[in-house]
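Okay, here's what each chain looks like letter by letter:
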Amino acid sequence: MAGLPLLTPLVRATELLPRTGTRVVVVGGGFGGAIAAKTLRLINPKIEVILIERNRSYSALPGANWTIGGSRRIGENRLTYDRLEGNHGVRLIYGEAQVVDAAAKTVVLEAGTLSYDFAIVAPGIGFRVDEIEGYAAAETPDLFPHAWTSGEEIVVLKRRIEEMKNGGLVVVSLPTPPYRCPQAAYERVSQIAYYLKQAKPRSKILVLDASKSSSDLADLFLTGWRRSYGDMIEYRSSQQVLQIDAPRSSLRTTSETLTADVVNLIPPQMAGTLAHRSGLIGEDNHWCAVDHSSYESTVAGGIYVLGDACLGDDQQKSASAANAQGKACAMHIAGAIAQRGHQPHFYSNVLYSLLDDKHGASAVTFYRSEGRKSVRVDKGGGVSSEWSELEGIYARAWLGSILAEMSS
Ligand SMILES: Cc1cc2nc3c(=O)[nH]c(=O)nc-3n(C[C@H](O)[C@H](O)[C@H](O)COP(=O)(O)OP(=O)(O)OC[C@H]3O[C@@H](n4cnc5c(N)ncnc54)[C@H](O)[C@@H]3O)c2cc1C
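Notes on the structure follow.

Within the fold, Ser369 resides in strand β23 (residues 360-370). For Ser369, the contacting residues outside a window of four places in its chain are His292, Ser293, Pro344, His345 and Ser374.

Have a look at this one:
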């Protein structure tokens, strides 16, 4: 991938922390990394677990869309790592991991290095902005906010929509799959519509979806949009954004050039930068290749990759999946340290969305590991057949429990 060379440090800095036992270094304190770190300590408190995270607090994305519709405050999504440290003895290092060096078994930070016995990398996503002509990584996210890497980013998008005139046009552009949580993109549109219906009812939303085919999930949203928002939302599939002029608020797609009052441009995606720098990318050039029975990289042994950064086969990249992967990976590593045999695992990927402030729906899939693959279980799960208040309650309960699990 252009612009992200493998980093091989020429000078080895000093070890940052003296070792206290078998050491697992986890990079990335999101839904995958934080749960893996906590689970390792719950299984075996003798394992030394170090979590490296660039930010002192984490602003979760699930539920962030609801702040546009007004049924949640973004502060409710903000978590700290204090309890992982205080309650579970995870050692926190706040800083940027520059590279994970599989050959030397060290993680390199600016201040020094950390040797490891096992490394877990969960850096989330990066953007393939070079696929959109005119995209300037430094300026464009301010003008055409994506709000796709942290809950806090939604504040800018929300302000743009609130400042728009009644009768304005909001364009929401969805990238080519695979990308982080497609269901959240449809939920984003729903929440913008819910706000506009109350505050600026003459406004329109144009959804430009780069996906070609429809799905049960898309159909569920399209039906809900028609019923709740009439003709406010126009949905077009197979519409990839090729070029933008953000200062002029214009964009060119595969079939037309248009201008809008607010553009929520979600660019095409790839694994986070650290995965590229550490040489963990698979044959598709964008995502990390892993053995799904353990989440160990198939490219660099001894390094495990969790969450959105790894190829999810047919799975939606989600907090729910990252959480399940974190637990399965922790069990595998703790088992390897205890020299126990490896058990296949079974897990669910549960995604809830809100259509407005009350009505929810879900998409649930079950998986089991089979050999090095993750295989979808045919029976059970599925997409809700309609929007209901009960699933709206479940959506809020699911969010409360996954955030509490990460921060307790
Ligand atoms: C608007 C929106 C709504 C969503 N809603 C839902 C939902 O309802 N349900 C659901 O299941 N999923 C949802 N998702 C998806 C979910 O947020 C992601 O799938 C999830 O965050 C992935 O977790 P992760 O651990 O892979 O990555 P992240 O959560 O992105 O965590 C990565 C962490 O790594 C850190 N990091 C990265 N590189 C480095 C480095 N070099 N050094 C140090 N630290 C580093 C980052 O700071 C970050 O804290 C939603 C997504 C969006 C965009």
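So much for the structure itself; the text now carries on.
This part covers the state of the cysteines. Counted under the stated rule, the structure contains zero disulfides. Looking at the unpaired Cys181, the closest cysteine sulfur is the one in Cys310, lying at 15 Å. The class for Cys181 is buried, based on a relative accessible area of 12%. No disulfide involves Cys310; its nearest neighbouring cysteine sulfur is the one of Cys288, lying 7.1 Å away. Exposure remark for Cys310: the relative accessible area of 1% places this residue in the buried category.

As a rule of thumb, non-glycine residues mostly have phi less than zero, and peptide bonds are mostly trans rather than cis. In the segment running from Pro177 into Pro178, the intervening peptide bond is cis, with an omega of 0°. Considering the arrangement of structural elements, one finds Pro178 in the loop between β11 (169-174) and α6 (182-199). One non-glycine residue, Ser249, lies in positive phi territory at about 60°. Tracing the sequence through the fold places Ser249 in the loop between β14 (241-245) and β15 (250-253). One non-glycine residue, Gln339, lies in the positive phi region at around 55°.

Procedures and definitions
Throughout, a residue's number is its position along its own chain's written sequence, starting from 1. Totals for whole chains, interfaces and linings use every residue, but because this is a predicted model, local features are given only for residues with pLDDT of at least 70 and side-chain atom pairs only at 80 or more, for both listing and counting. In computing side-chain values, all of the structure's heavy atoms are included and hydrogens and water are not. Counting from the N terminus, the helices are the DSSP runs of H or I reaching at least four residues and the strands are the DSSP runs of E reaching at least two. Should any heavy atoms of two residues lie within 4.5 Å, those residues are counted as being in contact. Any two cysteine sulfur atoms lying within 2.5 Å of each other are counted as a disulfide. Residue exposure (1.4 Å probe, protein chains only): buried if accessible area is under 20% of the type maximum, exposed if over 50%, otherwise partly exposed.

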